[in-house]
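# A closer look at the structure
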Amino acid sequence: MARNATNKLLQKAKKSKSDEFYTQLSDIESELQHYKSHFKDKVVFCNCDDPRIFNFFNYFASNFKELGLRKLIAACYREQARDLFNTEEDENGFFFKYTGTEGEKNKPSSTDIVYFKGDGDFRSAESIELLKQSDIVVTNPPFSLFREYVAQLVKYDKKFLIIGNINAITYKEIFKIIKENKAWLGINLGRGVSGFIVPEHYELYGTEARIDSLGNRIVSPNNCLWLTNLDTFKRHEDIGLTKKYFGSEVEYPKYDNYDGINVNKTKDIPLDYKGSMGVPITFLHKFNPEQFEIIKFRKGNNEKYLSINGKCPYFRI
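It should be emphasised that the depicted structure is a prediction, and the values quoted were computed from it without experimental measurement. (Residues numbered from 1 in each chain as written. Predicted model: local features only at pLDDT ≥ 70, side-chain atom pairs only at ≥ 80, totals over all residues. Heavy atoms only, no water.)

A few words on the overall build of the protein. In terms of regular secondary structure, the protein is built from seven helices and 14 strands. Against the globule reference of 20 Å for 317 residues, the protein gives a C-alpha radius of gyration of 22 Å, in line with a compact fold. With respect to the three principal axes, the spread of C-alpha positions in the protein is 70 × 45 × 40 Å. When the 317 residues of the protein are sorted by exposure, 50% land in the buried category. Pairs at least 24 apart in sequence give 66% of the contacts found in the protein among residues at least 6 apart. (Helix = DSSP H or I, 4+ residues; strand = E, 2+ residues; numbered from the N terminus. Rg over C-alpha atoms; globule rule 2.2 N^0.38 Å. Buried < 20%, exposed > 50% of the residue type's maximum accessible area, 1.4 Å probe, protein only. Contact = heavy atoms within 4.5 Å.)

Their axes nearest at 9 Å, the elements helix H6 (residues 146-155) and helix H7 (residues 172-179) cross at an angle of 35°. Taking contact as the criterion, the partners of Phe-146, Arg-147, Val-150 and Val-154 in H6 are, on H7, Glu-173, Ile-174 and Ile-177. Among the residues making up the contact of H6 with H7, the classes are represented as five nonpolar, no polar and two charged. (Axes fitted to C-alpha atoms, helices over the stretch in contact; angles between N-to-C directions. Nonpolar A, V, L, I, M, F, W, Y, C, P; charged D, E, K, R; others polar.)

Let's shift gears to the nonpolar core. Phe-146, Ile-162, Leu-227, Phe-283, Leu-284 and Ile-317 are the most contacted members of the largest nonpolar core, which has 47 residues in total. Residue assignment for this core shows that the elements contributing at least two residues are strand S2 (43-46), strand S3 (71-76), helix H5 (125-132), H6, strand S7 (159-165), H7, strand S8 (184-189) and strand S12 (224-228). If sequence neighbours within four positions are ignored, Ile-317 has contacts with Phe-175, Met-277, Gly-278, Val-279, Pro-280, Ile-281, Leu-284, Ile-294, Lys-296 and Phe-297. Core analysis: the second largest hydrophobic core is formed by 36 residues, Phe-21, Leu-69, Ile-113 and Phe-196 among them. (Core = buried A, V, L, I, M, F, W, Y, C linked by side-chain atoms within 4.5 Å.)

For Asp-41, which is not glycine, the phi dihedral falls at a positive 65°. In this structure, Asp-41 sits in the loop between helix H2 (25-32) and S2. A positive phi angle, close to 55°, is found at Asp-157, a residue other than glycine. Assignment of secondary structure puts Asp-157 in the loop between H6 and S7.

On to the sheet that holds S3, then. Across the sheet, eight strands lie side by side as S5-S4-S3-S2-S6-S7-S12-S8; this open sheet has mixed pairing. The open sheet has two edge strands with one neighbour each: strand S5 (114-115) and S8. By the bridge criterion, five bridges tie S7 to S12 in an arrangement that is antiparallel. Residue pairing in the sheet places Gly-164 in a bridge with Leu-225 of S12. (Pairing = 2+ DSSP bridges.)

This brings us to the pairing of S8. Counting buried residues along S8, six of its six residues qualify, which places the element largely inside the surrounding structure. With three bridges connecting them, S8 and S12 associate as antiparallel partners. Within the sheet, the bridge partner assigned to Trp-184 lies in S12 and is Thr-228.

A full pass over the atoms with the stated rule returns 17 salt bridges. Note that Glu-66 and Lys-36 form a salt bridge whose closest N and O atoms lie 2.9 Å from each other. With Glu-66 in helix H4 (residues 64-67) and Lys-36 in the loop between H2 and S2, the pair connects residues that are 30 residues apart, well separated along the chain. Its relative accessible area of 34% is what places Lys-36 among the partly exposed residues. Across the pair Asp-135 and Arg-70 runs a salt bridge, and its minimum N-O distance is 3.5 Å. (Salt bridge = Lys/Arg side-chain N within 4 Å of Asp/Glu carboxyl O.)

On to the confidence of the model for the protein. Parts of the prediction with low pLDDT should not have their coordinates interpreted in detail. For the protein, the mean per-residue pLDDT works out to 89, and 91% of the residues sit at or above 70. Across residues 1-6, where pLDDT falls below 50, the model places eleven contacts with residues more than four positions away in sequence or in other chains. (pLDDT = per-residue confidence, 0-100.)

Here you go:
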């Protein structure tokens, strides 16, 4: 029930284009500890982060010297809501650059930030100029704009480490770059991302929703991932295989419309079968490109969804 409830919350946010899910520092620390070697002498851009309060900027500013960063940039979007009934001047988007020099603030106040001429949207020309200056992008982008966000990173050939919903794997644009070995899943997945801070107006769905010791309202969707193109140890580890196909063929039915067998769980991949197999999307969390080859997603030879005796299993790779 908790999983269904928090899925409902994310779907509601997607439909309303509301993306106010803020990452906890503990989740950032848990993931980023595996990438420290990538950041030496690099410019990091957190282009969906308020440097005054958001935890991605906080993490990199606090660990600036340890990581050996050259520069840290954070930029924040501000919605422009002027209309016939609201003619007040809105606050523009803004950014802040931190270089770690002696005496420089690593926790900026409102007087330290620099305002954009526009809203600071990651797609704006002003934000893209900052993107061009950066080496690695690390942030929690708007889930409702995830395809567009990743497409921009690919277009400008940037290294990245970002949070998304597990279902992002099923987007053809995202799956394409995973298949081409241009991106892969990070270390933590599902419950490995413990929850997000949400504003007061969000309903606290699910049995794992809580208010922490600092008064932050936390929801735990348990269905998020890290997507990256920074190399990790995990993608070079073979999946340990113990099951056998021959003698257990009944457990691995063949597809109606593709010459391959269905495998319901990654741990059930047979060690003695060398042909095509359909596996769950969570396989990507353990995928080693030196051990397996990704052929295609979801569809058979007739370009219809993979089926077994006329029934389609949930997303298969």
